[in-house]
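Spelled out from the first residue to the last, the chains are:
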Amino acid sequence: MTLNIVDPAVTELPIMTIHDFPEGPYPTRVRIAVAEKNLQSRVEFVMVDLYKGEHKRPEFISEKNYSGTLPVLELPDGTCIAECTAITEYLDALDGEPTLTGKAPLEKGMIHMMSKRAELELLDAISVYFHHATPGLGPEVELYQNPEWGFRQRDKAVRAMHYFNDILKKQPFVAGSAFSMADITVIGGLVFASIVKLSVPAECEALLAWYARMRERPSVSSQPAFA
Ligand code: GTS
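Only a predicted model underlies this, so the values are computations on that prediction, with no experimental measurement involved.

Here is what the cut-offs are and how they apply
Residues numbered from 1 in each chain as written. Predicted model: local features only at pLDDT ≥ 70, side-chain atom pairs only at ≥ 80, totals over all residues. Heavy atoms only, no water. Patch = residues over 30% accessible without salt bridge, like charges linked within 9 Å, V, L, I, M, F, W, Y side chains within 5 Å. Areas by Shrake-Rupley, 256 points an atom, 1.4 Å probe, with all protein chains shown as cover. Salt bridge = Lys/Arg side-chain N within 4 Å of Asp/Glu carboxyl O. Buried < 20%, exposed > 50% of the residue type's maximum accessible area, 1.4 Å probe, protein only. Axes fitted to C-alpha atoms, helices over the stretch in contact; angles between N-to-C directions. Helix = DSSP H or I, 4+ residues; strand = E, 2+ residues; numbered from the N terminus. Parallel < 35°, antiparallel > 145°, perpendicular 65-115°, else oblique. Contact = heavy atoms within 4.5 Å. Nonpolar A, V, L, I, M, F, W, Y, C, P; charged D, E, K, R; others polar. Phe/Tyr/Trp six-rings, centres within 6.5 Å; stacked < 30°, edge-to-face > 60°. Lys NZ or Arg CZ within 6 Å of the ring centre and 35° of its normal.

Draft legend 1. Looking closely at a nonpolar patch on the surface. Together, Leu106, Met110 and Met113 make up an exposed nonpolar region whose accessible area comes to about 280 Å². Judged by its relative accessible area of 32%, Met110 is partly exposed.

The following block contains the structure:
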């Protein structure tokens, strides 16, 4: 089946599948994007149990996502899109009215840069800390751990909290004047921070105030990660 990517009639979209771990920080990013785009009725979520290592099974790696991570968006023809950024860009483009990834060249560039920065410096850093310096997903799944690397990444994430705090002192949203994918990525980072009990420093007042505002958005507050 071919998707008409500029079809604004959401109800005409075929049902897509998202391979999901509902409370996970990365899947939460895509869940927020789905809710922001009002696509809940077009998506079926299928749970993949990370703690059982279902995402590392050969059939998942070969058929869904070579990288062995969640989430994965599967289209009705079997095409799989992995990576939160790629999935968000796809979902945002479906109605021809992008609201999360930008329209104008500068806006698109800034959103992509800030979202990537939030991944590199915050979310992925906390993920490395989780997998390397804590029990992570357990011994069956965590086959190699390097605690020193994990602790370095934890410290990097705390530095990033200060960086985003400075950004949010100057502007209401991570990439500028409007909510975007970059905000969603920082939200994912703070969800992961909470899971690993890494507190946002109290002096990061702008970041904390922004996070309180983000949690008032229905697309965010409705997620299992905030239950
Ligand atoms: N770069 C990927 C993306 O943006 O989608 C990272 C995805 C990722 O790390 N997902 C986590 C995962 O699969 C899911 S969760 O931890 O947020 O629930 N982790 C399992 C693993 O073994 O790395």
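Draft legend 2. The arrangement of the packing of helix α1 (residues 25-36) against helix α3 (residues 84-93) in detail. Where α1 meets α3, the closest approach of the two axes is 10 Å, and the angle between their N-to-C directions is 5°. Taken together, the axes of α1 and α3 lie roughly parallel to each other. Residues Tyr26, Arg29, Val30, Ala33 and Val34 of α1 form the contact with α3, whose own contacting residues are Cys84, Thr85, Ile87, Thr88 and Leu91. For the contact of α1 with α3, the residue count by class is 7 nonpolar, 2 polar and 1 charged.

Draft legend 3. Broad picture of the packing of aromatic side chains. One pass over the full model with this rule turns up 8 aromatic pairs. Between Tyr26 and Phe192, the aromatic rings sit 6.5 Å apart at their centres with planes inclined by 90°, giving edge-to-face as the arrangement. You can see Tyr26 sitting in helix α1 and its partner Phe192 sitting in helix α6 (residues 181-195), a full 166 residues away along the chain. Look at Phe192 and you get buried, because its relative accessible area is 5%. Each ring, one from Tyr163 and one from Phe164, has its centre 5.0 Å from the other, and the planes form 70°; the classification is edge-to-face. Tyr163 gets classed as partly exposed once you look at its relative accessible area, which sits at 27%. Among the aromatic side chains, those forming a connected cluster through ring pairs are Tyr26, Phe130 and Phe192. Directly above the ring of Phe173 sits Arg213, whose terminal nitrogen or CZ lies 5.4 Å from the centroid.

Draft legend 4. Inspection of the environment of Phe21 at higher detail. As for its position among the elements, Phe21 is in the loop between β1 (16-20) and α1. For the pair formed by Phe21 and Val46, sequence separation is 25 residues and the distance between their alpha carbons is 8.1 Å. Leaving out residues up to four positions away in the same chain, Phe21 has contacts with Pro27, Met47, Val48, Asp49, Leu50, Tyr51 and Leu70.

Draft legend 5. Main features of unusual backbone geometry. With an omega of 0°, the peptide bond running from Leu70 to Pro71 counts as cis. Looking at the secondary structure, you find Pro71 in the loop between α2 (58-63) and β3 (72-74). Of note in the backbone geometry, Asn38 takes a positive phi value of approximately 55° without being a glycine. Note on placement: Asn38 falls in the loop between α1 and β2 (43-47). Phi is positive for Glu83, close to 80°, though the residue is something other than glycine. Structurally, Glu83 is set in the loop between β4 (80-82) and α3.

Draft legend 6. Examining the side chain of His19 more closely. With respect to the element layout, His19 can be found in strand β1. If we ignore the near neighbours within four places in the chain, the residues touching His19 are Val46, Val48, Phe60, Lys64, Leu70, Pro71, Val72 and Glu74.

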